[in-house]
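Remarks on the overall topology
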Amino acid sequence: MNTPKQQADKVFRARRVITPTGEIAASVVVAAGRIIDIAPYDAVPDAGDVVEVPDDAALLPGLVDSHVHVNEPGRTEWEGFATATRAAAAGGVTTLIDMPLNSIPATVDVAALRAKRDVAAAQCSIDVGFWGGAVGSNLADMGELVRAGVFGFKAFLLPSGVDEFCHLDSAQLEDAVRAVAELDALLIVHAEDPHVIEAAPEPNGPGYADFLASRPAEAEIRAIANLIELAERYAARVHVLHLSAASALPMLAAARARGVRITAESCPHYLTLCAEEIPDGATEFKCCPPIRDRANQRELWNGLRDKIIDCIVSDHSPSTVALKRAGDGDFGKAWGGIAGLQVGLPAVWTAAPDWVDLTDMARWMATAPADLVGLETKGRIAIGADADLCVFAPDEEFVVDAARLRHRNPISAYHGRTLRGVVRSTWLRGEQITGDRPRGRLLQK
């Protein structure tokens with residue numbers, strides 16, 4: 001018996017469709033929120049609605065951002081699900097995974113996860129999933145969070161910046177690696193060694209060079225080396241968050257060649273901003289690990305080219321303007337975090353070397369983050385995937401105005417920069433996101 005062909009309800013026609021295998025001209029056929037066919041551009045499928053993508057734009061998969069601090073509940077004055085997901089959608093992001101801090105309570109048990117899901121439920125313009133936290137007090141109970149649907153566990157190796165999310169000492173880190181191996185889960189790690197940081201100069205004052213010296217690359221190198229050793233010992237799956245020190249790339253490449261289950265990400269601010277350009281007192285650029293020099297940045301791009309760095313995600317970590325400017329430009333006192341959720345795609349595209357094309361961008365910012373967290377129907381334009389799409393004009397330029405960005409607090413390290421590439425529209429399961437009617441779903445692993 002022949003199965004009736006599903007009736008299309010929308011078709012996206014574009015001269016430039018960015019698929020996992022390359023750029024093509026195509027008609028992307030959608031039914032009930034899923035892609036059911038990728039037909040030739042000149043095909044005219046029977047559909048109620050045809051979206052013609054202009055010739056100066058490309059159809060990308062909706063981006064997947066696996067590193068976002070939404071901060072709600074508890075610190076909603078910093079950010080919240082309504083504002084964060086609207087900013088994400090404006091930047092072409094259709095799925096984000098929320099970090100277990102800086103919300104209160106931190107997502108370290110099932111009750112806290114439930115509280116976060118309850119507050120997020122009616123606010124999200126895009127799809128949202130959740131990381132759990134690995135802290136010393138919950139290592140024996142991580143299985144409960146796995147069964148409740150978290151996508152893995154975040155761990156710090158040094159103080160996180162908030163009292164309610166504790167870091168792991170060396171013995172606890174080993175326990176956490178062993179636990180995720182037994183659970184077949186994923187441990188994602190803020191990899192800076194506390195002993196190296198403690199021995200470094202204090203970051204007080206307005207000088208960016210002084211702040212940079214307080215977070216040396218050696219802290220990342222030592223922490224990543226330890227993480228590799230533990231992952232290899234226990235055959236665990238681990239992931240290095242926000243890699244900023246390119247000098248760690250050779251050891252990551254060697255570990256992967258040996259079969260160690262380790263992946264790594266970097267962030268738009270490390271790939272687009274550099275220490276030489278940061279003025280003293282400009283604490284909007286403060287983040288940990290720090291933004292390093294231009295030569296280091298070139299090597300990070302090479303790490304992407306060589307497939308040592310897997311993905312690019314925002315590490316959107318906003319705060320109030322007052323916290324970001326605490327101490328009147330004192331890098332020791334200001335909150336550390338970059339609010340870049342909305343501008344990541346154009347920022348990376350603007351800074352990209354000549355060898356980068358839109359297929360690379362889609363792999364780094366959509367497919368690879370989706371694969372990291374196991375979302376097989378996200379981050380790709382392919383038959384069977386969700387019709388999460390982004391219409392992107394790669395040659396159009398704009399000037400970033402922090403006051404017009406949609407995250408909660410109007411401060412940005414990108415303010416005043418001219419960026420190339422404009423997100424013209426974002427679509428979730430085939431419906432355009434307008435921000436007036438939250439339709440995002442809460443995802444579970």
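Residues numbered from 1 in each chain as written. Predicted model: local features only at pLDDT ≥ 70, side-chain atom pairs only at ≥ 80, totals over all residues. Heavy atoms only, no water.

In this structure the tally under the stated criterion is 29 salt bridges. Measuring nitrogen to oxygen at the nearest pair gives 3.7 Å for the salt bridge that ties Arg-222 to Glu-218. In this pair, Arg-222 and Glu-218 are both assigned in helix H7 (residues 217–234), 4 residues apart and thus about one turn of the helix distant. For Asp-386, the salt bridge is made with Lys-378, and the minimal N-O distance between the two is 2.9 Å. (Salt bridge = Lys/Arg side-chain N within 4 Å of Asp/Glu carboxyl O. Helix = DSSP H or I, 4+ residues; strand = E, 2+ residues; numbered from the N terminus.)

The subject of this paragraph is the sheet that holds strand S9 (residues 132–133). The strands that make up a sheet are held in pairs by hydrogen bonds between backbone atoms, and each pair lies either parallel or antiparallel. Spatial ordering of the open sheet is given by S9-S10-S11-S12-S13-S14, a layout of 6 strands whose pairing is parallel. Among the strands making up the open sheet, the edge pair consists of S9 and strand S14 (311–312). The pairing of S9 with strand S10 (residues 153–156) spans 2 bridges and is classified as parallel. Of the residues in S10, the one forming a bridge with Gly-132 is Phe-153. Relative to strand S13 (residues 262–266), helix H8 (residues 249–257) is tilted by about 145°, and along the sheet it contacts strand S12 (237–240) and S13. (Pairing = 2+ DSSP bridges. Contact = heavy atoms within 4.5 Å. Axes fitted to C-alpha atoms, helices over the stretch in contact; angles between N-to-C directions.)

So, about the sheet that holds strand S8 (residues 127–130). Spatially, 3 strands are ordered S6-S7-S8 in an open sheet, and the strand pairing comes out parallel. Each edge of the open sheet is held by one strand with a lone partner, namely strand S6 (63–68) and S8. Strand after strand, the sheet turns through a mean of 20° between neighbouring axes, direction not considered. As judged from the 4 bridges shared by strand S7 (residues 93–98) and S8, these two strands associate in the parallel manner. Following the sheet pairing, Thr-95 is matched in S8 by Asp-127. Of the strands in this sheet, S7 and S8 touch helix H1 (residues 81–90), which is tilted by about 140° from S7.

Right, let's get into the packing of aromatic side chains. One pass over the structure, following the stated rule, counts 9 aromatic pairs. For the ring pair Phe-81 and Phe-130, a centre distance of 6.2 Å and an interplane angle of 70° mean the geometry is edge-to-face. Within this pair, whereas Phe-81 is found in helix H1, its partner Phe-130 is found in strand S8, the two being separated by 49 residues in sequence. For the pair Phe-81 and Phe-130, a shared accessibility class is recorded, and that class is buried. Through pairs of rings, three or more aromatic residues link up here, namely Tyr-208, Phe-211 and Phe-331. Above the face of the Tyr-41 ring, Arg-13 is positioned so that its terminal group lies 4.2 Å from the ring centre. (Phe/Tyr/Trp six-rings, centres within 6.5 Å; stacked < 30°, edge-to-face > 60°. Buried < 20%, exposed > 50% of the residue type's maximum accessible area, 1.4 Å probe, protein only. Lys NZ or Arg CZ within 6 Å of the ring centre and 35° of its normal.)

Moving on, we get to unusual backbone geometry. A cis amide bond links Glu-72 to the next residue, Pro-73, at an omega of 0°. Position of Pro-73 among the secondary structure elements: in the loop between S6 and H1. Geometrically, the link from Ile-104 to Pro-105 is a cis peptide bond, its omega value of 5° lying close to zero. Residue position: Pro-105 is located in the loop between S7 and helix H2 (110–120). One non-glycine residue, His-242, lies in the positive phi region at around 30°. Examined against the element boundaries, His-242 turns out to sit in the loop between S12 and H8. Phi angles above zero are rare outside glycine, and Asp-315 is one such case at about 45°. Its place among the elements puts Asp-315 in the loop between S14 and helix H11 (321–324). Under the relative-accessibility criterion, Asp-315 is labelled buried at 8%.

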